[in-house]
Amino acid sequence: MSAKRVWLLDSGSLVIDRTHIAWNIEPGSPVRFPVYSVLIEHSDGLFLFDSGFDKGTVEEFLPFELPEQTDEQTLPAQLEKCGFATSDVTAVINSHLHFDHCGGQRNLAEAVTWVGKEELRHCLVPEPFERLGYADKVFHRPDSAYRWLEGEEVDFADGIRLLFTPGHTVGHYSLLLERDGRRPMLFVADVTYTRETWEKELISGFHNDPTANVASVRKVKHLARRVDAEVFFTHDMQEWESYKHAPDHY
Ligand SMILES: [Zn+2]
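What you see is a predicted model, and the numbers here were worked out from it, not measured in a lab.

**Topic: the pattern of salt bridges**
Line of reasoning, step 1. Applying the stated criterion across every chain yields a total of 19 salt bridges.
Line of reasoning, step 2. Overlapping salt bridges bring together Arg18, Glu26, Glu196 and Lys200 as one network.

**A look at the environment of Glu59**
Line of reasoning, step 1. Checked against the element boundaries, Glu59 lands in helix α2 (residues 55-61).
Line of reasoning, step 2. Between the alpha carbons of Glu59 and Glu118 there is a distance of 28 Å; along the sequence they are 59 residues apart.

**Some thoughts on the packing of aromatic side chains**
Line of reasoning, step 1. Inspection of the entire model under this criterion finds eleven aromatic pairs.
Line of reasoning, step 2. Aromatic pair Trp114 and Phe156: ring centres 5.2 Å apart, planes at 85°, arrangement edge-to-face. Here Phe156 lies in strand β7 (residues 153-157) and Trp114 lies in strand β5 (residues 112-116), a separation of 42 residues in the sequence.
Line of reasoning, step 3. Look at Trp114 and you get partly exposed, because its relative accessible area is 25%.
Line of reasoning, step 4. Pairing Trp198 with Phe233 gives two aromatic rings, centres 5.6 Å apart and planes at 75°, and the pair type is edge-to-face. With a gap of 35 residues between them, Trp198 in helix α6 (residues 195-200) and Phe233 in the loop between β11 (230-232) and α8 (237-242) connect regions that are remote in the sequence.

**As for the pairing of strand β3 (residues 45-49)**
Within a regular strand, side chains alternate between the sheet's two faces.
Line of reasoning, step 1. In terms of burial, β3 is a largely internal element, five of the five residues being buried.
Line of reasoning, step 2. Burial along β3 is two-sided: the residues Gly45, Phe47 and Phe49 and Leu46 and Leu48 are all buried.
Line of reasoning, step 3. Relative to β3, strand β2 (residues 30-42) runs antiparallel, the two being bridged by five bridges. Residue pairing across strands places Val38 opposite Phe49, the latter belonging to β3.
Line of reasoning, step 4. Between β2 and β3, which pair antiparallel and follow one another directly, the connecting turn spans two residues.
Line of reasoning, step 5. Pairing of β3 with strand β4 (residues 91-93), which is carried by three bridges, proceeds in the parallel orientation.

**Quick word on helix α5 (residues 117-124)**
Line of reasoning, step 1. Three or more residues of α5 are buried, namely Glu119, Leu120, His122 and Cys123.
Line of reasoning, step 2. For α5, the secondary structure elements touched by its buried residues are β5 and β6 (146-149).

**Some remarks on the pairing of β7**
Line of reasoning, step 1. Note: β7 against strand β8 (residues 160-164), four bridges, orientation antiparallel. Across the sheet, residue Ala157 finds its bridge partner in β8, namely Ile160.
Line of reasoning, step 2. Hairpin connection from β7 to β8: two residues lie between these consecutive antiparallel strands, with Gly159 at a positive phi of about 85°.

Cut-off values and rules
- Residues numbered from 1 in each chain as written.
- Predicted model: local features only at pLDDT ≥ 70, side-chain atom pairs only at ≥ 80, totals over all residues.
- Heavy atoms only, no water.
- Salt bridge = Lys/Arg side-chain N within 4 Å of Asp/Glu carboxyl O.
- Helix = DSSP H or I, 4+ residues; strand = E, 2+ residues; numbered from the N terminus.
- Phe/Tyr/Trp six-rings, centres within 6.5 Å; stacked < 30°, edge-to-face > 60°.
- Buried < 20%, exposed > 50% of the residue type's maximum accessible area, 1.4 Å probe, protein only.
- Pairing = 2+ DSSP bridges.
- Contact = heavy atoms within 4.5 Å.

What follows is the structure, given as structure tokens:
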């Protein structure tokens, strides 16, 4: 059986300069952007793709990103809106380990974490320019259980396919959800941030390998055309406002 219900869990918003959204192309000015995670109810378990940011961590390490997160936008509160407790989450799949994609995991001590093998290795010893991105060390806990994602495509569960899309980070994966009788849903994660940058094939200013990142943008665009996927953008406020938010579901 494939995924039954899919929710988008609001994690609040952050601010970065526009030059970081459309790297080396667009002029600068502050942009507030959304952060969210994807909850998947599946016959094999309750899965979470990314987990949002932790407000306290951002206030400590990146206060200039002006985090906004109400009590209602914390991961436990978002799960509760959908009728679940934190202990119901079977596994978290991390697209990558930047702080705004793994912060909620401090609430999920019982869930197994699936993440790119190189990602986990790399975030422990990042390049100097990547240190702030990997500011949240929540992934590095003695009680955390990890499973590796390796290879170009991983069939995680029936209808849940993960695609290796490096460049933004070394071990980045995107998510394709295929469900009976519906258009596939493609969550590109941080391959590119907005519909506009997707269309122009621009990458963000946060990357490990810009050329590999552009290749990953083209790879997911090709896939989206091939399977006629509905594409969900990770950090696009206008798009986010048009999506269904938990407790509404897809
Ligand atoms: Zn990122």
